[in-house]
Amino acid sequence: CGRDWSSDVCSSDLAFRLGAGAVAFAELAVRVTVPPSAGALTVAPTNGTALDTEFRLETSMWASEHLPLQYAFVTSTSVLHPSSRSDVASVILRAGQVAVSSIATDALGGQGSASVTVDVEAFDGDVLIRTLELLECADDDTVYQVAVAASAPNTSLLDVLVAAVQNASIPL
């Protein structure tokens, strides 16, 4: 394995040779590389309330031979922040134990990931009122994040919002 000592990345050169006797041959050299590795994901705060807490996601320490890297932040069910050069995102999350991952993609399309679990409590009626007020003048990205955060597994967003409104005694 050829070693680049400036990082923890290892690559190999493979050569394929096809000969026709001692006179003619063809050779093909291929470099095999590894995807981004050794990255970390931090989330602050580490717990909060659905629809109310803004979580700051930051990914760092990625090793790769093929820069630049792009980063996406996802859960098992949704994209929280699409792939971009930014290694930081602020998001809201749905209730429950949410596994958040950062995906680093190198210039050749190789990918590595880092994950962390965040504890997110269910929201209450007061949070819903503040959220509805926020949505009156929110951009599409914020509305999408709220919809993802409000939806729980096996429950529609409408069911969640109606139940929260009823629990808060707000007339529909």
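Whatever comes next refers back to the structure up there.
In short, a report on the structure. (Residues numbered from 1 in each chain as written. Predicted model: local features only at pLDDT ≥ 70, side-chain atom pairs only at ≥ 80, totals over all residues. Heavy atoms only, no water.)

Observations concerning the overall build of the protein
On a plain count of helices and strands, the protein comes out with 3 helices and 11 strands. Out of the 172 residues in the protein, the part that is buried amounts to 32%. Here the contacts in the protein between residues at least 6 apart in sequence split such that 53% fall between residues at least 24 apart. Carbon and sulfur atoms provide 55% of the accessible area of the protein, an area that totals close to 10,300 Å². (Helix = DSSP H or I, 4+ residues; strand = E, 2+ residues; numbered from the N terminus. Buried < 20%, exposed > 50% of the residue type's maximum accessible area, 1.4 Å probe, protein only. Contact = heavy atoms within 4.5 Å. Areas by Shrake-Rupley, 256 points an atom, 1.4 Å probe, with all protein chains shown as cover.)

Comments concerning the packing of aromatic side chains
The relation between two aromatic rings is expressed through the spacing of the ring centres and the mutual angle of the planes. As enumerated under the stated definition, the model contains 0 aromatic pairs in all. Over the ring of Phe25 we find Arg17; its NZ or CZ atom is 3.6 Å from the centre of that ring. (Phe/Tyr/Trp six-rings, centres within 6.5 Å; stacked < 30°, edge-to-face > 60°. Lys NZ or Arg CZ within 6 Å of the ring centre and 35° of its normal.)

A short note on the sheet that holds strand S7 (residues 70-74)
Judged by pairing direction, the sheet is mixed, and its 5 strands sit side by side in the order S5-S11-S10-S7-S8 without closing on themselves. The open sheet has two edge strands with one neighbour each: strand S5 (47-49) and strand S8 (79-84). The average undirected angle you get between the axes of adjacent strands in this sheet is 25 degrees. (Pairing = 2+ DSSP bridges. Axes fitted to C-alpha atoms, helices over the stretch in contact; angles between N-to-C directions.)

Digging into the sheet that holds strand S9 (residues 88-91)
Taken in spatial order, the 3 strands line up as S4-S6-S9 in an open sheet, and their pairing is antiparallel. Looking at which strands have only one partner, the edges of the open sheet turn out to be strand S4 (40-44) and S9. Recorded for the sheet is a direction-independent mean angle of 20 degrees between the axes of neighbouring strands. Looking at chain direction, strand S6 (residues 55-60) and S9 are connected through 4 bridges and run antiparallel. Pairing of Phe55 across the sheet is with Val91, part of S9.

Digging into the nonpolar core
Among the nonpolar cores identified, the biggest contains 21 residues, and Leu57, Leu93 and Val100 are the most heavily contacted of them. Secondary structure elements with two or more residues in this core: S4, S6, S7, S9, strand S10 (96-105) and strand S11 (111-121). Residues within four places of Val100 in sequence aside, it is in contact with Leu41, Leu57, Val74, Thr75, Leu80, Leu93, Ala114, Ser115, Val116 and Val118. (Core = buried A, V, L, I, M, F, W, Y, C linked by side-chain atoms within 4.5 Å.)

Observations regarding the environment of Glu54
Mapped onto the fold, Glu54 is located in the loop between S5 and S6. For the pair Glu54 and Val91, spaced 37 residues apart in sequence, the C-alpha to C-alpha distance is 5.6 Å. Setting aside chain neighbours within four positions, we find Glu54 in contact with Ala44, Pro45, Ser90, Val91 and Ile92.

Considering unusual backbone geometry
A cis amide bond, omega -5 degrees, links Ala44 with the succeeding residue Pro45. Take Pro45: it is sitting in the loop between S4 and S5. Look at the link from Leu67 to Pro68: it is a cis peptide, with omega at 5 degrees. Topologically, Pro68 is positioned in the loop between S6 and S7. Positive phi values are uncommon outside glycine, yet Leu51 reaches one of about 70 degrees. If you trace the backbone, Leu51 turns up in the loop between S5 and S6. We note that Met61 has phi near 65 degrees; this positive angle belongs to a residue other than glycine.

Some thoughts on a nonpolar patch on the surface
A contiguous nonpolar surface patch, about 420 Å² in accessible area, is contributed by Leu14, Phe16, Leu28, Val30 and Val32. Sorting the residues of the nonpolar patch by element identifies strand S2 (10-20) and strand S3 (24-32) as the ones contributing at least two each. A total of 3 residues in the nonpolar patch trace back to one element, the largest contributor, which is S3. Within the secondary structure, Leu28 sits in strand S3. (Patch = residues over 30% accessible without salt bridge, like charges linked within 9 Å, V, L, I, M, F, W, Y side chains within 5 Å. Salt bridge = Lys/Arg side-chain N within 4 Å of Asp/Glu carboxyl O.)

Some thoughts on the pairing of S7
Of all 5 residues in S7, 4 are buried, a share of seventy percent or more. Where S7 lies against S10, 5 bridges are found, and the strand directions are antiparallel. Paired with Val74 across the two strands is Ser101, which belongs to S10. Pairing of S7 with S8, which is carried by 3 bridges, proceeds in the antiparallel orientation. The residue of S8 that forms the bridge with Tyr71 is Ser84. Counting the residues that bridge the hairpin from S7 to S8 gives 4 residues.

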